Amino acid sequence: MDAEYQRHDAASAKGIADELVDVYAKVYDVPPYVDDPFFSVDSFRARLEAAFDTEGFETVTAWQDGRIVGYVHGATLPVDKPWWTSLGGLRPAWLRELAEAGGVFWLRELMVLPELQNHGLGRQIHDKVIAGRTETVTALTCIVDNQPAHDAYLRWEYTIMGQIKHAPESPVYDAMYLPSH
């Protein structure tokens, strides 16, 4: 799939926040997310705006015909992030040490417009962001019931550490990691 990619630090990502939120609104406008307050557009906007202040924040956007058709955003994993610490001993010791040294990239969101899904664009965006990072491991959380995304991460060789919840009202997620190749 032909797309143009752009990297954005927090300052430049703030300038396209409305477009990022618009993509989110289209991707999550399906059951079971559409009526769930945890996945509301306002809730996402608040999480995105809070993410801008995270150390190492970055967004990689994919553009076609002058619009964003997919993107990923993430940051250096804060070692005190509740989902991360809730895993306790399920995290390998070497990975805990690497996180303490700032060596883990937290891939917070990866999304592609529904009409362009299943054509490899998500993988391309994923690989672009990782290739530009200094961290040597990527960590993420994926909704257990989101079969297409869950299967993709396993195909891409992510390892599941355990299950977490981001909030009492959130679904169950698998916490995963991928060492750089």
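Structure: above.
Residues numbered from 1 in each chain as written. Predicted model: local features only at pLDDT ≥ 70, side-chain atom pairs only at ≥ 80, totals over all residues. Heavy atoms only, no water.

(A) View of the packing of aromatic side chains. What the rule picks out here adds up to 12 aromatic pairs. Ring geometry for Y24 versus Y28: centroids 4.4 Å apart, planes at 25°, classification stacked. Both residues of the pair, Y24 and Y28, belong to the buried class. Considering the side-chain rings of Y28 and Y33, the 5.1 Å spacing of their centres and the 70° angle between planes classify their relative orientation as edge-to-face. In this structure, Y28 and Y33 share a single accessibility class: buried. Within the aromatic cluster, the residues linked to one another by ring pairs are Y24, Y28, Y33, F38, F39 and F44. The side chain of R47 reaches across the aromatic face of F38, ending 4.9 Å from its centre. A cation sits over an aromatic face here: R108 above W106, 4.4 Å from the ring centre. (Phe/Tyr/Trp six-rings, centres within 6.5 Å; stacked < 30°, edge-to-face > 60°. Buried < 20%, exposed > 50% of the residue type's maximum accessible area, 1.4 Å probe, protein only. Lys NZ or Arg CZ within 6 Å of the ring centre and 35° of its normal.)

(B) Representation of the pattern of salt bridges in the model. Evaluated as defined, the whole model comprises seven salt bridges. The partner of D18 in a salt bridge is R45, with the nearest N and O atoms 3.0 Å apart. Residue D18 is found in helix α2 (residues 17-27), and its partner R45 is found in helix α3 (residues 41-51); the two are separated by 27 residues along the sequence. Taking the shortest distance from any N to any O, the salt bridge between R133 and E135 comes out at 2.8 Å. Here E135 falls in the buried class, since its relative accessible area comes to 6%. One network of salt bridges, in which partners are shared, links R7, E58, R133 and E135. (Salt bridge = Lys/Arg side-chain N within 4 Å of Asp/Glu carboxyl O. Helix = DSSP H or I, 4+ residues; strand = E, 2+ residues; numbered from the N terminus.)

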